Amino acid sequence: EAGVAQSPRYKIIEKRQSVAFWCNPISGHATLYWYQQILGQGPKLLIQFQNNGVVDDSQLPKDRFSAERLKGVDSTLKIQPAKLEDSAVYLCASSLVSDRGFHGGELFFGEGSRLTVL
Amino acid sequence: SQQGEEDPQALSIQEGENATMNCSYKTSINNLQWYRQNSGRGLVHLILIRSNEREKHSGRLRVTLDTSKKSSSLLITASRAADTASYFCATDAPNSGGSNYKLTFGKGTLLTVNP
């Protein structure tokens, strides 16, 4: 079974530039997550999709971050314009879901996309 | 905000010894999960313990959960150099609006197992 695919693995940009990350979840997983992990910290949830609807985006900086999940499968996370503090690893994860958003189970993570903002 | 807090932040042991990591959290949970992250890699799920369970085993892993103290511990027995990684606890709890459950991670414990 193929795992969660993410690209690119590494990206270096100047501040105020834009960047996009792509994620392909495990086939059949209805729930998709984007986490931000700053060096030395645990992952912080940015946005959670169930199929192609947003379930939770309370910690997404909406003035610069946007995310979409087309047709309930692949997802892209965009940052525009980037700031120095956006330097982090962006982790995509997916999981099965039971009902009403209660996933109650394990998350499967991709390898992450490491962003460096200079 | 980080719900779970792991303790210690870093742990260094010799191969063959046991490693114990603790996690404390603040609110009621549906379940608690432990994940491992090797340097530069994604997180890998280790074990899930539900709020009505007190102890769970998986191979060399033993997890306990005390909901009255809002704490959990992860024990790795007979550690190996390959166990060197960061370990995170994650709590599955309702979001602030109560409309959904979300998984919130702690800051992690960095475990180093010396050969």
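Residues numbered from 1 in each chain as written. Chains lettered and ligands numbered in written order. Predicted model: local features only at pLDDT ≥ 70, side-chain atom pairs only at ≥ 80, totals over all residues. Heavy atoms only, no water.

Topic: the pattern of salt bridges
The test is simple: In the sections that follow, a salt bridge refers to a side-chain nitrogen of Lys or Arg positioned within 4 Å of a carboxyl oxygen of Asp or Glu. To qualify as a helix, a DSSP run of H or I must reach at least 4 residues; to qualify as a strand, a run of E must reach at least 2; elements of each kind are numbered from the N terminus. Under the scheme applied here, a residue whose accessible area is under 20% of the maximum for its type counts as buried, over 50% as exposed, and between as partly exposed, the area being computed with a 1.4 Å probe on protein chains only.
Evaluated as defined, the whole model comprises 7 salt bridges over all chains. When the shortest N-O distance is used, the salt bridge between D86(A) and R64(A) registers 2.4 Å. In this pair, D86(A) sits in the loop between β8 (75–79) and β9 (88–95) while R64(A) sits in the loop between β6 (53–56) and β7 (65–69), placing the two residues 22 residues apart along the sequence. Assessed through its relative accessible area of 10%, R64(A) is described here as buried. A salt bridge links E111(A) to R41(B); the nearest nitrogen and oxygen atoms lie 2.6 Å apart.

Some remarks on the sheet that holds strand β1 (residues 5–7) of chain A
Residue and element names in this part refer to chain A. What counts, and what does not: We treat two strands as partners when DSSP finds at least two bridges between them. Every axis in this analysis is a line fitted to C-alpha atoms, fitted for helices over the stretch in contact. Angles between the N-to-C directions lie between 0 and 180 degrees.
Read across the sheet, 4 strands follow the order β1-β3-β8-β7 without closing on themselves; strand pairing throughout is antiparallel. Lying at the two open borders of the sheet, with one neighbouring strand each, are β1 and β7. Each strand of the sheet is rotated relative to its neighbour by a mean of 15 degrees, with strand direction disregarded. Examined bridge by bridge, strand β3 (residues 19–24) and β8 share 5 bridges and lie antiparallel to one another. Considered in β8, the bridge of F21 is made with L77.

A short note on the sheet that holds strand β3 (residues 19–24) of chain B
Residues and elements named next belong to chain B. Taken in spatial order, the 5 strands line up as β1-β3-β8-β7-β6 in an open sheet, and their pairing is antiparallel. Two strands bound the open sheet, and with one partner strand each, they are β1 (5–7) and β6 (55–58). The sheet shows a mean angle of 20 degrees between the axes of neighbouring strands, taken without regard to direction. Judged from the 6 bridges that link them, β3 and strand β8 (residues 71–76) form a sheet pairing that is antiparallel. Considered in β8, the bridge of T20 is made with L75.

These figures capture arrangement, not role.
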